[in-house]
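Letter by letter, the chains look like this.
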Amino acid sequence: FLLGERDSACIVRVRLNPASPYVVDVSGGWVGLYADGTLLADIDRYPPVPKFYSKTFPDGTPYSQVVQLLWGNRGYPRVITPLACQYWGPKEECLYCDINQNIRLRKERKALTMTRQYQKVDQVAEVVKEIILGEEWYQGKRPNFVMISGGSIFRKFMGKTEEEFFMEYVKALRWCCGSDWPMDSDLQTTPVEKPVAQRMYDAGVRVHRCNYEVWDKNLFNIICPGKTKYLGRDEWIKRTVEQVETFGVGKVYPGFVAGVEMAQPWGFKTVDEAIASNREGFEFLMSHGVIPRVINWVPEPLSALGGHEPPSLDYAIKIDLLWYEIWKKYNLPPPPQGEEGQMGPGRARNPNSAFTDVGD
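Residues numbered from 1 in each chain as written. Predicted model: local features only at pLDDT ≥ 70, side-chain atom pairs only at ≥ 80, totals over all residues. Heavy atoms only, no water.

## Some thoughts on the packing of aromatic side chains
If you walk through the whole model with that rule in mind, you get 19 aromatic pairs. When the ring of F57 is compared with that of Y63, the centres are 4.3 Å apart and the planes differ by 25 degrees; the resulting orientation is stacked. With respect to burial, F57 and Y63 carry one shared label: buried. With centroids separated by 5.7 Å and ring planes inclined at 10 degrees, the aromatic side chains of W323 and W327 adopt a geometry described as stacked. With W323 and W327 both in helix α11 (residues 313–329) and four residues apart, the pair spans about one turn of that helix. Judged by its relative accessible area of 0%, W323 falls in the buried class. Among the aromatic residues, those joined into a cluster by ring pairs are Y118, F157, F165, F166 and Y169. The residue whose ring lies beneath R174 is W175, and the NZ or CZ to ring-centre distance is 4.9 Å. Positioned above the aromatic ring of Y201 is the side chain of R206, whose terminal nitrogen or guanidinium carbon lies 3.9 Å from the ring centre. (Phe/Tyr/Trp six-rings, centres within 6.5 Å; stacked < 30°, edge-to-face > 60°. Buried < 20%, exposed > 50% of the residue type's maximum accessible area, 1.4 Å probe, protein only. Helix = DSSP H or I, 4+ residues; strand = E, 2+ residues; numbered from the N terminus. Lys NZ or Arg CZ within 6 Å of the ring centre and 35° of its normal.)

## What about the pairing of strand β12 (residues 293–296)?
Taken residue by residue, a regular strand's side chains alternate between the two faces of the sheet. As paired elements, strand β11 (residues 255–258) and β12 share four bridges and run parallel to each other. Within β12, the residue paired with G255 across the bridge is R293. The parallel pair β11 and β12, bridged by helix α10 (residues 271–287), forms a crossover whose chirality is right-handed. (Pairing = 2+ DSSP bridges. Right-handed = clockwise from strand over helix to strand, strands pointing away.)

Put into structure tokens, the structure is as follows:
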């Protein structure tokens with residue numbers, strides 16, 4: 001960033017680069033992104049540290065280690081459990097992911113701050129209750145859902161199947177704040193068969209994420225070897241589409257790692273080839289009521305793809321425009337939660353919001 005001048009009209013002006021017309025400016029008490037003097041979008045200030053971050057359980061576990069509150073008092077609670085993925089080792093781990101490698105490295109250095117493999121259900125419920133009822137929320141912004149995610153489970157974990165493990169959290173959170181504040185769950189797991197999906201819905205899951213990562217079949221097999229080995233790409237996509245019958249149109253929200261399909265030496269050589277592949281995937285999924293979630297690939301240093309070049313700006317722009325074009329074509333609802341049902345510049349509230357910023 002190039003810091004610009006301070007004056008009476010603004011607190012600080014930041015130009016994105018010397019040749020750019022885009023400026024982050026503060027005027028009238030609000031931070032905004034401007035282009036040649038025209039306001040494009042408001043930019044939120046950093047939220048205050050949540051009050052619950054100062055609390056600790058009798059066993060010494062900080063509340064902040066159990067549940068995170070995304071985006072301060074405009075966001076929602078997120079639970080990450082289990083804390084590792086059962087796709088383990090070079091023959092199973094997704095090539096773009098370094099979660100397990102971070103855990104291995106931290107164990108070697110004896111730098112692990114987490115003292116267990118998962119979050120305790122009763123502690124999760126207590127922290128969520130504290131967040132919902134104890135934090136100061138903007139009017140109308142108090143969340144009514146919790147996002148639950150973590151590493152994949154395909155064999156029993158702590159003596160439980162994936163369904164059994166996660167449903168304990170869903171059921172504990174459903175009424176943790178009392179009948180006046182029923183909490184729905186946004187759950188990220190492996191795609192499940194219809195009877196399991198129905199049990200999830202009955203327990204309180206209203207949004208299901210089952211990330212397909214990369215559309216091209218050959219690249220899926222290479223980049224996601226564990227998912228290929230234990231379920232397979234065709235079954236993964238079949239179950240994802242079937243779940244619309246249970247959760248509804250727009251409530252099945254799988255992520256894909258946008259740009260990883262260009263990782264060399266296996267991936268597409270040109271942006272247009274990569275976009276064409278994603279067009280096929282977007283068309284198929286959105287025509288069946290599934291809304292894919294664009295997660296921009298940032299090569300993680302400790303992953304198998306560490307050191308690779310990230311996708312170009314040209315790719316990033318084209319993939320977002322493609323998403324919007326096909327989303328509009330099938331007249332789908334806005335992506336669920338997080339974005340608060342809003343589309344357009346500066347309104348979407350998601351760490352990877354560019355694909356919804358395109359909307360109007």
